Amino acid sequence: MSHGADPAAGRDRAQIAERDILRHAPLNAETPKVAFASATTHRDAHFIRTNFGVPDARPTRLAVGGAVDRPAELTIGDLEGMGSTTRRVTLECAGNGRLGMRPLPTGEPWQQRAVGTAEWTGLPLSELVRRVGLQAHAVELVFEGADHGPRAGQETPFRRSLPVDQAVLDVALLAWDMNGERLPEDHGAPLRLVVPGWYGMASVKWLHRIEAVTKPFEGPFQMTSYVYETIDGEREPVRWMRPKSLLVAPDPEVILEPGSPVEVWGWAWSGGSPIAAVDITVDDEPWLPATVEPADGSGAWQRWSFPWVPRRPGRHVLASRATDAVGRSQPDEATWNRLGYGNNAVVRTVVSVGRGPGGPATG
Ligand SMILES: Nc1nc2c(c(=O)[nH]1)N[C@H]1C(S)=C(S)[C@@H](COP(=O)(O)O)O[C@H]1N2
Ligand SMILES: [Mo]
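Residues numbered from 1 in each chain as written. Chains lettered and ligands numbered in written order. Predicted model: local features only at pLDDT ≥ 70, side-chain atom pairs only at ≥ 80, totals over all residues. Heavy atoms only, no water.

1. Some details on the pattern of salt bridges
To be explicit about the condition: Basic side-chain nitrogens of Lys or Arg form a salt bridge, by our definition, when they fall within 4 Å of a carboxyl oxygen of Asp or Glu. Per the convention used, a helix needs a DSSP run of H or I reaching at least four residues, while a strand needs a run of E reaching at least two, with both numbered from the N terminus. Each residue's exposure class comes from its accessible area (1.4 Å probe, protein chains only) as a fraction of the maximum for that residue type: buried when under 20%, exposed when over 50%, partly exposed otherwise.
Counting across every chain of the model gives 21 salt bridges. Arg 113 serves as the salt-bridge partner of Asp 20, at 2.7 Å between the closest nitrogen and oxygen. With Asp 20 in strand S1 (residues 20-23) and Arg 113 in the loop between strand S5 (85-92) and strand S6 (115-124), this residue pair connects regions lying 93 residues apart in the sequence. Residue Arg 113 is classed as partly exposed on the basis of its relative accessible area of 22%. Taking the shortest distance from any N to any O, the salt bridge between Arg 159 and Glu 144 comes out at 2.9 Å. Of this pair, Arg 159 sits in strand S8 (residues 154-163) while Glu 144 sits in strand S7 (residues 140-151); the two residues are 15 residues apart in sequence, bridging distant segments of the chain. The exposure class assigned to Arg 159 is partly exposed, which follows from its relative accessible area of 31%.

Next up, the structure:
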């Protein structure tokens, strides 16, 4: 297929170029900073995480089997005919912030922008479950992507499970649209799972098979990767996103004017629980509360803002700390784990205040 004559394709390419690419093959890229200015991340700006790259063969059907009463093979058209919902969902890669951990864990060197928010449209997973009928002894659903590659000396598909838990079935979507258009290839076309509140690995892309199983699934992307492993060797699976916040403004590259008010603002999110408070500190002075927009109940980040009048010329350090409705807060230091997941430590941003008009030039 040629993209040459299609202006939209040219635009797509330009925006992909803006993403900060960690690796080209398979493509792993962070959301560009400019994209955080909007509540919804553009489809060509949203970060991309792939273990094996886009699969060669595009799936045409979703097969549903295992411990179900009515196994099914469904096209996107069939799924669309069963109903649809749109949810605004913040997805964050569990490895986001890995570069901030010491000693540096192995894995993709994500800084702080493996996060984005999109409007996903699809069939609620609970509707599919109703259609196929789960057998009483089913404990998990295993989701398989059409992508595969070598793992532990064996050709392995990307496969992850979710518990058969009504709260998860009700929020998860089998999504075919992203921000009102068909899914882009890199984000899992034609069909992906989206699990609001969970770190990104749960949202299986290029979905072509779902199997109800009667014993907990133990594949490598469930038991070897995406596990918090402490220094003592204790292991716990990665599931819900920890509370986190990011700062959008002021941009550290812009020199602020002393005495001029600036809005310090950004986004905050936490898996399975809305953000209840965001606190700000300037130069490690005592924390002060920011204003936080209420959650819309969909699983998307919330905007926070804090009015600040910089006075003293020079450098200032801004930091934000999110607390969710169940009382979890961002720590000062990341909890180190072997594979570097879930780094939700407070991030510090250095901004500069100039001398203002008429002041002596700085060298
Ligand atoms: N089939 C498949 N699904 C996948 C992955 C993958 O490698 N293969 N990566 C997962 C991880 S680790 C993340 S963080 C999210 C990223 O979704 P995005 O690329 O649409 O941002 O996809 C998840 N789904
Ligand atoms: Mo991820």
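Let's pick the thread back up.
2. A short note on helix H3 (residues 125-132)
What counts, and what does not: Directions from the helix axis toward the C-beta atoms define the arc.
For H3, the complete set of buried residues consists of Leu 125, Ser 126, Leu 128, Val 129 and Val 132. Down the axis of H3, the sector holding all buried residues measures 160°, keeping them to one side. Once H3 finishes, Gly 133 follows within two positions and takes phi at roughly 70°, a positive value.

3. Concerning unusual backbone geometry
Backbone torsion omega between Arg 102 and Pro 103 reads -5°, so that peptide bond is classified as cis. For Pro 103, the position within the fold is in the loop between S5 and S6. Of the consecutive residues Ala 189 and Pro 190, the connecting peptide bond is found in the cis state with omega at 5°. Tracing the backbone through its elements, the reader meets Pro 190 in the loop between strand S10 (181-182) and strand S11 (192-194). Phi is positive for Trp 206, close to 50°, though the residue is something other than glycine. Tracing the chain through its elements places Trp 206 in the loop between S11 and strand S12 (207-213). Take Trp 206: its relative accessible area is 2%, and that puts it in the buried class. A positive phi angle, near 60°, is found at Asp 284, a position not held by glycine. In this fold, Asp 284 is placed in the loop between strand S17 (275-282) and strand S18 (288-289).

4. As for the site of ligand 1
Put simply, the rule is: Any residue with a heavy atom positioned within 4 Å of a molecule or strand is treated as near that molecule or strand. Each polar contact in these results corresponds to two N or O atoms within 3.5 Å; when the atoms are within protein, one needs to be able to donate a hydrogen and the other to accept it, and residues that are neighboring in sequence are counted only if both atoms are side-chain atoms. Surface accessibility in these figures is a Shrake-Rupley result with a 1.4 Å probe; residues are shielded only by whichever protein chains are displayed. Polar here means any residue outside two lists: the nonpolar Ala, Val, Leu, Ile, Met, Phe, Trp, Tyr, Cys and Pro, and the charged Asp, Glu, Lys and Arg; Gly therefore counts as polar.
Taken together, 19 residues surround ligand 1, and among them Phe 47, Asp 147, His 187, Arg 192 and Lys 205 come closest. Between ligand 1 and the protein, one listed contact pairs an oxygen atom with a side-chain N or O atom of His 46 at 3.3 Å. Relative to its free-state accessible area of 530 Å², ligand 1 is covered by the protein chains to the extent of 100%. Residues of the shell around ligand 1, tallied by class, amount to eight nonpolar, seven polar and four charged.

In short, geometric facts, not functional conclusions.
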